[in-house]
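Examining the three-dimensional arrangement
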Amino acid sequence: MNAPDRFELFVLPDGVKKLTITPDTKIPNAATFKVEKEDHTLANMLRMQLLEDPKVLFAGYKMPHPLDHYFILKVQTTPDTTPQHVLGNAVTELIQNVGSMKNKFEMDLIRARSDSSKQDMGEGEDLSSHQVDMDF
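Every value quoted in this text rests on a predicted model; they were computed, and no experiment measured them.

To characterise two packed helices, one gives the angle between the axes of the helices and the distance between these axes. It is the contact of helix 1 (residues 40-51) with helix 2 (residues 83-120), at a shortest axis distance of 9 Å, that shows an interaxial angle of 110°. As judged from the angle between their axes, helix 1 and helix 2 are roughly perpendicular. Listed contacts from helix 2 to Met45, Leu46, Gln49 and Leu50 of helix 1 are Val86, Leu87, Ala90, Val91, Glu93, Leu94 and Asn97. Of the residues in the contact of helix 1 with helix 2, the class split is 8 nonpolar, 2 polar and 1 charged.

Before going further, it helps to examine the side chain of Asp108. With respect to the helices and strands, Asp108 occurs in helix 2. Side chain to side chain, Asp108 and Arg111 meet in a polar contact 2.6 Å long.

With 6 of its 8 residues buried, strand 4 (residues 70-77) lies for the most part within the structure. Pairing geometry for strand 2 (residues 30-36) and strand 4, over 7 bridges, is antiparallel. If you follow Ala31 over to strand 4, its bridge partner there is Val75. Examined bridge by bridge, strand 3 (residues 56-62) and strand 4 share 6 bridges and lie antiparallel to one another. Directly across from Val56, in strand 4, lies its bridge partner Thr77.

What follows concerns the environment of Val56. Tracing the backbone shows Val56 in strand 3. The residues touching Val56, leaving out its near neighbours within four places in the chain, are Leu50, Val75, Gln76, Thr77 and Val86.

The next point concerns the nonpolar core. Leu50, Leu73 and Val75 are the most contacted members of the largest nonpolar core, which totals 15 residues. Looking at which element gives the most residues to this core, the answer is helix 2, with 4 residues.

So, on to the pairing of strand 2. Judged by how many residues are buried, strand 2 sits mostly within the fold: 6 of 7 residues are covered. Across 5 bridges, strand 1 (residues 19-23) lies against strand 2 in antiparallel orientation. When the sheet's bridge partners are listed, Leu19 is paired in strand 2 with Val35. Where strand 1 hands over to strand 2, the hairpin turn is made up of 6 residues, of which Asn29 adopts a positive phi near 55°.

Conventions used here
- Residue numbering note: each chain is counted from 1, following its sequence as written.
- Reporting in this predicted model follows two pLDDT cut-offs: at least 70 for local features of residues, and 80 or more for side-chain atom pairs to be given and counted; totals over whole chains, interfaces and linings ignore these cut-offs and use all residues.
- To obtain the side-chain values, all non-hydrogen atoms of the structure were included, while hydrogens and water were left out.
- Convention adopted: a line fitted to C-alpha atoms gives each axis, helices being fitted over their contacting stretch, and angles between N-to-C directions are expressed from 0 to 180 degrees.
- Each helix corresponds to a stretch of at least 4 residues labelled H or I by DSSP, and each strand to a stretch of at least 2 residues labelled E; elements are numbered beginning at the N terminus.
- Note on angle classes: values under 35 degrees are labelled roughly parallel, values over 145 roughly antiparallel, values of 65 to 115 roughly perpendicular, and the remainder oblique.
- Two residues form a contact once any of their heavy atoms are found within 4.5 Å.
- Polar here means any residue other than Ala, Val, Leu, Ile, Met, Phe, Trp, Tyr, Cys and Pro, which are nonpolar, and Asp, Glu, Lys and Arg, which are charged; Gly is therefore polar.
- Any pair of nitrogen or oxygen atoms within 3.5 Å is treated as a polar contact; in protein, a donor-acceptor pairing is required on top of that, and neighbouring residues in sequence qualify only through side-chain atoms on both sides.
- Any residue under 20% of the maximum accessible area for its type is buried, any over 50% is exposed, and the rest in between are partly exposed; the area is computed with a 1.4 Å probe on protein chains only.
- If DSSP finds at least two bridges between two strands, the strands pair.
- For this analysis, a nonpolar core means a set of buried residues of the types Ala, Val, Leu, Ile, Met, Phe, Trp, Tyr and Cys, connected via side-chain atoms within 4.5 Å.

Below, the structure is given as structure tokens:
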């Protein structure tokens, strides 16, 4: 078959860097980031987080080919910062957002289990109408 082995989707070969940064020579305050062994999931989350920063003028990505497991992220910023700096901030904010989402989910899961145990004892509400609150 032509399909690569599954481990090739996430294991970096020896000598390959996870992130390669190439400053743009034609556009001021711009850079291209090549991220190995990642896909649309991370690329789109990074792009969206970058676009929330008012210092980011442009953020976009592309996946050159479905069988190549990397994406190319292009970022242009205002003159008072660098693409590397805003990318670092975006990664930090994403980690915080995912942690917050995880904590909220776990708290709602504990609440749902507590409601379920009350119902098993004949107390509480009907769980079929229970919805998990995922507002952030």
